[in-house]
Amino acid sequence: MAFFARITSKVVAQDSSHHDDASSSTSINACIMGRLTWESIPHKFRPLTSRLNIIVSRNPHYLDDKPEKDNPLVALAPSLDAALDLVASMQKPTPTTTTTTTPSSSSTTSSAPAVQIERVFLIGGAQLYNEGIESKHCQHIFLTRIQSTVECDTFFPEIRPQQYRLLPGPESHAFLESYLQEPVQGGRIQEGEFEFEYTVYDRVV
Ligand SMILES: NC(=O)c1ccc[n+]([C@@H]2O[C@H](COP(=O)([O-])OP(=O)(O)OC[C@H]3O[C@@H](n4cnc5c(N)ncnc54)[C@H](OP(=O)(O)O)[C@@H]3O)[C@@H](O)[C@H]2O)c1
């Protein structure tokens, strides 16, 4: 969970040559999640701090009676595509574009904050992962492999090797250190009764 918070929170400018574009606004990452995943986050930990939390729900009134309704870190989107459109409208303009982009209000039912989005993470659950890993927008899968057998009721979809390549241990580690621009523990990590390893899959097609 600590690594999840770290990788989704750390803001690393995507293109330093246009870093000035971000100078007038706050840069944060976005976490897109299904409505059930949002509800699975304990109240005291939501919204996830320093990240734009985008809840995907078919219910356009989902936030109407919720305490987070007017929270600038929370937005509601009617589909995964709408959530991706929202973040695209909040990412820095392309080099040829000089206009300032503002969040689109048409795809959401809550006003989005005046921030610039850097990285976008789809954080579950199974329903959203099923749709998300098929999207060409999904470039990497960050998977923490836990060396235990645990009873579960929700599952990550099959990762097809034709679609994603598992980077071997040292390559996953080097990728993560470059991605986060800071040291990351590599190899098998022991914590209490659990042993786990951070792995990365890269989209191949
Ligand atoms: N270990 C992990 O990495 C991890 C990560 C995340 C979550 N989880 C766990 O996964 C569980 C939740 O996963 P889940 O699969 O049951 O639910 P989920 O994907 O988090 O949320 C499902 C809900 O999202 C909305 N939704 C899904 N697809 C949609 C679409 N195409 N368009 C519009 N809305 C859509 C619907 O909300 P409405 O019903 O409101 O329309 C649907 O009921 C929780 O137990 C959570 O703890 C684990």
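The coordinates are above.
Residues numbered from 1 in each chain as written. Predicted model: local features only at pLDDT ≥ 70, side-chain atom pairs only at ≥ 80, totals over all residues. Heavy atoms only, no water.

**Student:** How should the pattern of salt bridges be read in this particular structure?
**Tutor:** Think of it this way: side chains of opposite charge can pair up when their charged atoms draw near. Tallied over the full model, the rule gives 10 salt bridges. For Asp70, the salt bridge goes to Lys69, with nearest N and O atoms at 4.0 Å. The exposure class of Asp70 is exposed, given its relative accessible area of 66%. For Lys69, a relative accessible area of 35% puts it in the partly exposed group. One network of salt bridges, in which partners are shared, links Arg6, Lys10 and Glu182. (Salt bridge = Lys/Arg side-chain N within 4 Å of Asp/Glu carboxyl O. Buried < 20%, exposed > 50% of the residue type's maximum accessible area, 1.4 Å probe, protein only.)

**Student:** Honestly, helix 1 (residues 2–9) in this entry has me stumped. Any pointers?
**Tutor:** Since the α-helix packs 3.6 residues into each turn, any two residues three or four apart lie on the same face. Residues Phe3, Ile7 and Thr8 constitute the buried set of helix 1. For helix 1, the angular spread of buried residues about the axis comes to 120°, placing them on one side. (Helix = DSSP H or I, 4+ residues; strand = E, 2+ residues; numbered from the N terminus. Arc of directions from axis to C-beta.)

**Student:** It is not clear to me how the site of the ligand should be interpreted in this structure. Could you clarify?
**Tutor:** Near the ligand lie 19 residues; those nearest to it are Arg35, Thr37, Ser57, Arg58 and Gln127. Take Ser57: an N or O atom from its side chain is 2.6 Å from an oxygen atom of the ligand. Against a free-state accessible area of 930 Å², the protein chains account for coverage of 69% of the ligand. Among the secondary structure elements, those contributing two or more residues to the shell around the ligand are helix 2 (35–40) and helix 4 (126–132). Of all the elements, helix 4 adds the most residues to the shell around the ligand, at five residues. Looking at the shell around the ligand residue by residue, the classes come out as seven nonpolar, nine polar and three charged. (Near = heavy atom within 4 Å. Polar contact = N/O pair within 3.5 Å; in protein donor to acceptor, adjacent residues only side chain to side chain. Areas by Shrake-Rupley, 256 points an atom, 1.4 Å probe, with all protein chains shown as cover. Nonpolar A, V, L, I, M, F, W, Y, C, P; charged D, E, K, R; others polar.)

**Student:** Please explain a nonpolar patch on the surface as it appears in this structure.
**Tutor:** A contiguous nonpolar patch, built from Ile146, Val150 and Phe194 and spanning about 250 Å² of accessible area, is present on the exposed surface. The topology assignment puts Val150 in the loop between strand 5 (140–146) and strand 6 (164–166). (Patch = residues over 30% accessible without salt bridge, like charges linked within 9 Å, V, L, I, M, F, W, Y side chains within 5 Å.)

**Student:** How should helix 3 (residues 80–89) be read in this particular structure?
**Tutor:** Of all 10 residues in helix 3, seven are buried, a share of seventy percent or more. Contact partners of the buried residues in helix 3: strand 1 (26–34), strand 2 (51–56), strand 3 (74–77), strand 4 (115–122) and helix 4. (Contact = heavy atoms within 4.5 Å.)

**Student:** So what exactly am I meant to see when it comes to the sheet that holds strand 2 here?
**Tutor:** Hydrogen bonding along the main chain pairs the strands of a sheet, whether they run parallel or antiparallel. A sheet is described by the order of its strands in space; here four strands give the open sequence 3-2-1-4, paired in parallel fashion. Since the sheet does not close on itself, it has two edges, and those belong to strand 3 and strand 4, each with one partner. Ignoring which end each strand starts from, the neighbouring axes of this sheet average 30° apart. Where strand 1 lies against strand 4, six bridges are found, and the strand directions are parallel. Residue Ile32 lies in a different strand from strand 4, and its bridge partner there is Leu122. Seen against the sheet, helix 3 touches strand 1, strand 2, strand 3 and strand 4 and runs at an angle of roughly 155° to strand 2. (Pairing = 2+ DSSP bridges. Axes fitted to C-alpha atoms, helices over the stretch in contact; angles between N-to-C directions.)

**Student:** Would you explain the nonpolar core in this entry?
**Tutor:** In summary, soluble globular proteins display a tendency toward joint burial of nonpolar side chains. Phe3, Ile7, Met33, Ile55, Leu176 and Tyr198 are the most contacted members of the largest nonpolar core, which totals 24 residues. Breaking this core down by element, the ones donating at least two residues are helix 1, strand 1, strand 3, helix 5 (169–180) and strand 8 (194–203). Looking at this core, the element that brings in the most residues is helix 5, giving four residues. Inspection of this core shows a minimum of three residues originating in each of domain 1 (27–124) and domain 2 (139–205). Those residues in contact with Met33 that lie beyond four places of it in its chain are Trp38, Ile41, Leu48, Asn53, Ile54, Ile55, Val56, Ile123, Gly124 and Leu128. (Core = buried A, V, L, I, M, F, W, Y, C linked by side-chain atoms within 4.5 Å. Domains from an automatic or database assignment.)

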